[in-house]
Amino acid sequence: MPPIPVPLDRQDPRLEALATEAFCYVENGDWHGVVEDGRLVAIGCWKRLPLGVAGLYSAYVVPEARGRGLHRALIASRCAAARMAGCRLAAVSVQHLNAPCLENYRREGFLPSGEVARVTVPGCATLAKPLGPFAFMEDGACTR
Ligand SMILES: CC(C)(COP(=O)(O)OP(=O)(O)OC[C@H]1O[C@@H](n2cnc3c(N)ncnc32)[C@H](O)[C@@H]1OP(=O)(O)O)[C@@H](O)C(=O)NCCC(=O)NCCS
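Residues numbered from 1 in each chain as written. Predicted model: local features only at pLDDT ≥ 70, side-chain atom pairs only at ≥ 80, totals over all residues.

Draft legend 1. Expanded view of the overall build of the protein chain. Within the protein chain, the regular secondary structure consists of three helices and nine strands. Its helices and strands in sequence order give the protein chain the pattern β-α-β-β-β-α-β-α-β-β-β-β, from N to C terminus. When the 144 residues of the protein chain are sorted by exposure, 35% land in the buried category. Taking as baseline every contact in the protein chain between residues at least 6 positions apart, the subset at least 24 positions apart corresponds to 57%. (Helix = DSSP H or I, 4+ residues; strand = E, 2+ residues; numbered from the N terminus. Buried ≥ 20, exposed ≤ 12 C-beta atoms within 10 Å, placed from the backbone. Contact = placed C-beta atoms within 7 Å.)

Draft legend 2. Highlighting the sheet that holds strand β5 (residues 89-95). Across the sheet, which stays open at both edges, the seven strands sit in the order β1-β2-β3-β4-β5-β7-β6 with mixed pairing between neighbours. Of all the strands in the sheet, the pair left with one neighbour each is β1 (6-8) and β6 (111-112). Taken together, the seven bridges between strand β2 (residues 30-36) and strand β3 (residues 39-48) define a ladder with antiparallel strand orientation. Residue D30 lies in a different strand from β3, and its bridge partner there is W46. Across the sheet, helix α2 (residues 70-84) is in contact with β2, β3, β4 (53-61), β5 and β7 (124-130); its angle to β3 comes to roughly 35°. (Pairing = 2+ DSSP bridges. Axes fitted to C-alpha atoms, helices over the stretch in contact; angles between N-to-C directions.)

Draft legend 3. Up close: the pairing of β2. With three bridges connecting them, β1 and β2 associate as antiparallel partners. Bridge pairing links V6 to G33 in β2. Counted along the chain from β2 to the antiparallel partner β3, the turn is two residues long, and its residue D37 has a positive phi close to 50°.

Draft legend 4. Spatial organisation of the confidence of the model for the protein chain. Taken over all residues, the pLDDT of the protein chain has a mean of 86, while the share at 70 or more is 86%. Predicted confidence in the protein chain is weakest over strand β9 (residues 142-143), with a mean pLDDT of 54, and strongest over α2, with 96. (pLDDT = per-residue confidence, 0-100.)

Draft legend 5. How the structure looks around the nonpolar core. Core analysis: the biggest nonpolar cluster contains 35 residues, and A42, L89, A90, V92 and A128 have the highest contact counts within it. Listed by contribution, the elements that provide at least two residues to this core are α1 (13-21), β2, β3, β4, α2, β5 and β7. (Core = buried A, V, L, I, M, F, W, Y, C linked by C-beta atoms within 7 Å.)

Draft legend 6. Representation of the site of the ligand. Around the ligand there are 17 residues in total, and R66, L70, H71, A99 and P100 lie nearest to it. Every element with two or more residues in the shell around the ligand is listed here: β4, α2 and α3 (99-107). The leading source of residues in the shell around the ligand is α3, at five residues. Counted by class, the shell around the ligand contains eight nonpolar, five polar and four charged residues. (Near = placed C-beta within 6 Å. Nonpolar A, V, L, I, M, F, W, Y, C, P; charged D, E, K, R; others polar.)

Draft legend 7. Quick peek at the environment of H32. Position of H32 among the secondary structure elements: in strand β2. In this structure the C-alpha to C-alpha distance between H32 and I43, which are 11 residues apart in sequence, comes to 5.7 Å. What H32 contacts, discounting residues up to four positions off in sequence, is P5, V6, P7, L8, G44, L74, S77 and R78.

Draft legend 8. Layout of the environment of R48. With respect to the helices, strands and loops of the structure, R48 is situated in strand β3. Owing to 16 C-beta atoms within 10 Å, R48 belongs among the partly exposed residues under this scheme.

Draft legend 9. Main features of unusual backbone geometry. The backbone of D37 sits at a positive phi, close to 50°, despite the residue not being glycine. One can find D37 in the loop between β2 and β3. D37 gets classed as exposed once you count the C-beta atoms within 10 Å, which come to 5. Despite not being glycine, S58 has its phi angle at roughly 55°, a positive value. Structurally, the position occupied by S58 is in strand β4.

This is the structure we're talking about:
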């Protein structure tokens with residue numbers, strides 16, 4: 001069983017260092033992470049977007065901790081937090097070449113966004129997963 005990710009303090013200095021590795025720091029995002037022996041080894045962020053959508057960003061697992069399911073655990077924990085916060089759809093943009101990442105989202109129930117709602121980003125495979133009942137809006141986003 002992979003460790004359960006925990007919410008992180010945005011001011012945690014370990015977070016800034018790892019977020020730099022992930023090439024993305026999301027302002028006002030909620031971060032989850034996995035801490036082992038006091039070391040932050042995996043992070044992921046989510047942020048509430050308009051119309052009940054939760055955007056997932058900045059997943060990163062240190063090389064020594066890869067292949068143990070930490071990324072999938074971070075997908076699940078962020079979706080659970082977003083659902084608890086009232087979001088109805090999770091969306092993520094993944095580069096087409098990032099096969100492990102794409103596969104993990106697929107296994108966690110994400111579909112190409114066009115099959116769920118119209119949420120697309122050029123150059124990336126945008127995936128989405130319903131977190132609860134939602135209705136389509138004219139602009140393709142969702143509402144409760
Ligand atoms: C992508 C990343 C987050 C994965 O983290 P991880 O903790 O190693 O992922 P997990 O252990 O949860 O899952 C790895 C899975 O990918 C699968 N995988 C590995 N290479 C693969 C490939 N080429 N094609 C398909 N699946 C692949 C593995 O088989 C494993 O599945 P398993 O559970 O059946 O063994 C990590 O490699 C990373 O931080 N990469 C750099 C940053 C990045 O790409 N972030 C993602 C942005 S969306």
